[in-house]
Amino acid sequence: MSKEVKCGNIVIGGGAPVSIQSMTNTDPHDADACISQVKALEEAGCEIVRLTVPDEEAAACFGKVREAADIPLVADIHFDYKMALMAMDMGADKIRINPGNIGGPEKTKLVVDKAKKKGIPIRVGVNSGSLEKDILEKFGGVTDEGLVESALRNVKLLEDMDFGDIVISIKSSDVLMNTKAYRLMSERSDYPLHIGVTEAGTPEMGIVKSAVGLGALLMEGIGDTMRVSLTGDPVREIYAAKKILAAAGVRPMAMELVSCPTCGRTKVDLDSIAGEVETKLMPIAERRVKEGRKPIKVAVMGCVVNGPGEAKGCDFGVACGKGEGLIFINGEPQKKVSEKEITGELIKLAETI
Ligand code: SF4
């Protein structure tokens, strides 16, 4: 089992549930935009959010976001150790650095001393683009062995400064290399691992790469916190992460959405309805589970002929007709509503059932 590290109120490693993280893509100088994205991520079920802190203005912005947000925030630091120091003064719950690029051992020591004093963990984040020259030469390019060696070298730098509150990540956009590197790392170290496939791509390709790469690791018990990297709105990363965790059998799904594939009988835009229902009901389901209530299974079906039957076993759902929907609970019809009212009705049921 990996060691336990605390990031704010979230435990990473030591057998704690695999936590879901994401990163804002709003302007790091625009506190309002960052706060609203952090809130949206939190609402979707994100447990840790990372923000980049490239300069002093961004560090001040980080402080404002810290005051407004309820979940742990990680400061992502590159090149300037001073930003790491400032972010920690602004209340960062963890910092992510690559000790190799923040200005040498003396600067790293200043960061480590402050982190130690404040009890803030450090994620040593190595990726395929950050490997040291000598490692690239030794392994003849970017390899899984090279990624692990680079990360362990950076970890040793911190250990030599008597610091052990460490999380490791070693990301590659090559799924196979990524998987091999994390396997190797889990054999060679017991620090908790932040797993992810870097630059995974557009939502469609990114979800497939992350599901394959992270799913394989999770099923082997590797990974203590995870990020699914997708181009675009980070809230989608949270939904994808939850589905991967559920599919890998690591965490229960707060909501299972059953929707039919549609056919010639379908007379509504079921694709849009199912998407909206999933987005709006998922946060409610997350809240239910946090409150100790049971997960929900919801059906969005394309017709009343086969819909309710095919959705057997769902707690509630809708079977659509032309411009309308028949709401049912445990397979029993309740009432008809217009197409526009379907999501609202299902939200009410998700809250009350
Ligand atoms: S539920 Fe109805 S609309 Fe959907 S696939 Fe089955 S028969 Fe077709």
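Everything numeric here is computed off the predicted structure, so don't read it as measured data.

(A) Structural context of the domain arrangement of the chain. One can read the domain layout of the chain as domain 1 (5-247) and domain 2 (255-352). The straight-line distance from the C-alpha centre of domain 1 to that of domain 2 is 36 Å. Taken together, the contact pairs 5 residues of domain 1 with 5 residues of domain 2. Buried surface at the junction of domain 1 and domain 2, both sides included, amounts to about 490 Å², of which 60% is carbon and sulfur. Run the count over domain 1 and domain 2 and you get 2 salt bridges. Measuring nitrogen to oxygen at the nearest pair gives 2.9 Å for the salt bridge that ties Lys243 to Glu278.

(B) Seen up close, the site of the ligand. Taken together, Cys260, Pro261, Thr262, Cys263, Arg265, Thr266, Gly302, Cys303, Asn306, Gly307 and Glu310 form the complete shell of residues around the ligand. Classifying every residue of the shell around the ligand by side-chain character gives 4 nonpolar, 5 polar and 2 charged.

(C) Focus on the sheet that holds strand 6 (residues 94-97). Spatially, the 8 strands line up as an open sheet ordered 8-7-6-5-4-3-10-9, and their pairing is parallel. Because the sheet does not close on itself, it has two edges, and the strands there are strand 8 (166-171) and strand 9 (194-197). Strand after strand, the sheet turns through a mean of 25° between neighbouring axes, direction not considered. Note that strand 5 (residues 73-76) and strand 6 share 3 bridges and pair parallel. Paired with Val74 across the strands is Lys94, a residue of strand 6.

Parameters at a glance
Residues numbered from 1 in each chain as written. Predicted model: local features only at pLDDT ≥ 70, side-chain atom pairs only at ≥ 80, totals over all residues. Heavy atoms only, no water. Domains from an automatic or database assignment. Contact = heavy atoms within 4.5 Å. Buried area = accessible area lost by both parts, 1.4 Å probe. Salt bridge = Lys/Arg side-chain N within 4 Å of Asp/Glu carboxyl O. Near = heavy atom within 4 Å. Nonpolar A, V, L, I, M, F, W, Y, C, P; charged D, E, K, R; others polar. Pairing = 2+ DSSP bridges. Helix = DSSP H or I, 4+ residues; strand = E, 2+ residues; numbered from the N terminus. Axes fitted to C-alpha atoms, helices over the stretch in contact; angles between N-to-C directions.

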